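Here are the chains, one letter per residue:
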Amino acid sequence: MTRTELAQYLADFLNVSAFKDYAPNGLQVEGKDNIKIIVTGVSACQALIDEAIRLNADAIIVHHGFFWKNEPEVITGMKQRRIKALLTHNISLFGYHLPLDAHPMLGNNATLARQLEILNPEAVEEVAQGLLWRGKLDLPMSAREFSGVLERALGRAPLHIGDGHAPIQELAWCSGGAQDYIDIAANLGVDAFISGEVSERTFHSAIEQGIHYYAAGHHATERFGIQALGRHLAREFALEHHFIDIANPV
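These numbers come from a predicted model, not from an experiment.

> Can you walk me through the side chain of lysine 79 in this structure?
Relative to the helices and strands, lysine 79 is located in helix H3 (residues 77-88). The exposure class of lysine 79 is buried, given its relative accessible area of 15%. Excluding residues within four positions of it along the chain, lysine 79 makes contact with Glu71, Pro72, Glu73 and Val74.

Following this line, the structure appears as structure tokens:
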């Protein structure tokens, strides 16, 4: 398919125009016209770009791309090296941030729910652009047992705030840096809230509002959506797809 066709398909499929975001969604660096090999990854770091070059990729599609609000506008240092590598090898870079978090089937929150076997997952539509989700476990389990579920699903032990022996069943979650949605989650009356990152203030919010909190990792909670999107594109358009997981403990 062509670069233009891919950009238009993703704009429509991910409903990009519906989101007010912190970075541009869509084509961020223009490469070759025809696309046969795509690489997906969480963040457009140098290691991912280097792997895409090694695989002779025509395009990279990521969740965390370039040109974030309030970052320096000049193209120097690390940013220059990344962009130079893309331009030298004629590789397009596509980035989809909030649209990929929110997609009802392939988004980070939807795919996280499937990894954790959460029943009846749905976005809380009236808040946070539909980025906050809720659902329930099949049966109640202790908070400590659910820590184990998260560790097995995500490959890393979460930080848990709360009594490890207390039962939980009703959950709310938002992947990535969504720790401040804990107050909304508490008002929903759920037992626990899951996000990727944690702040110092999150501890006090959890304790004082009586809600369990799990910080499961920004990278870890956002690996599944971009993989699902890459697989979808490969099936729909007969593209060669490689997901590259660049390790990140944060």
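> Looking at this model, I keep getting lost on the pattern of salt bridges. Mind explaining?
If the charged atoms of two oppositely charged side chains come close together, the side chains can form a pair. Counted according to the given criterion, the structure contains eight salt bridges. For lysine 79, the salt bridge identified is with glutamate 71, shortest N-O distance 2.9 Å. Classification of glutamate 71 by relative accessible area gives partly exposed; the value is 26%. As a salt-bridge pair, arginine 201 and aspartate 180 come within 2.9 Å of each other at their nearest N and O atoms. Placement of arginine 201 in helix H8 (residues 200-209) and of aspartate 180 in the loop between strand E8 (167-174) and helix H7 (182-188) is noted, with a sequence separation of 21 residues between them. Using a relative accessible area of 46% as the deciding quantity, one classes arginine 201 as partly exposed. Look at aspartate 180 and you get partly exposed, because its relative accessible area is 42%.

> Looking at this model, I keep getting lost on helix H6 (residues 143-154). Mind explaining?
For an α-helix, 3.6 residues make a turn, and residues three or four places apart therefore share a direction. End to end, H6 covers 16 Å across twelve residues, agreeing with the expected 16 Å (1.5 Å per residue, within 8%). Among all positions in H6, only Ala143, Phe146, Ser147, Gly148, Val149, Leu150, Ala153 and Leu154 are buried. Phi turns positive one or two residues past the end of H6, at glycine 155, with a value near 75°.

Thresholds applied
- Residues numbered from 1 in each chain as written.
- Predicted model: local features only at pLDDT ≥ 70, side-chain atom pairs only at ≥ 80, totals over all residues.
- Heavy atoms only, no water.
- Helix = DSSP H or I, 4+ residues; strand = E, 2+ residues; numbered from the N terminus.
- Buried < 20%, exposed > 50% of the residue type's maximum accessible area, 1.4 Å probe, protein only.
- Contact = heavy atoms within 4.5 Å.
- Salt bridge = Lys/Arg side-chain N within 4 Å of Asp/Glu carboxyl O.
- Expected span 1.5 Å × (residues − 1).

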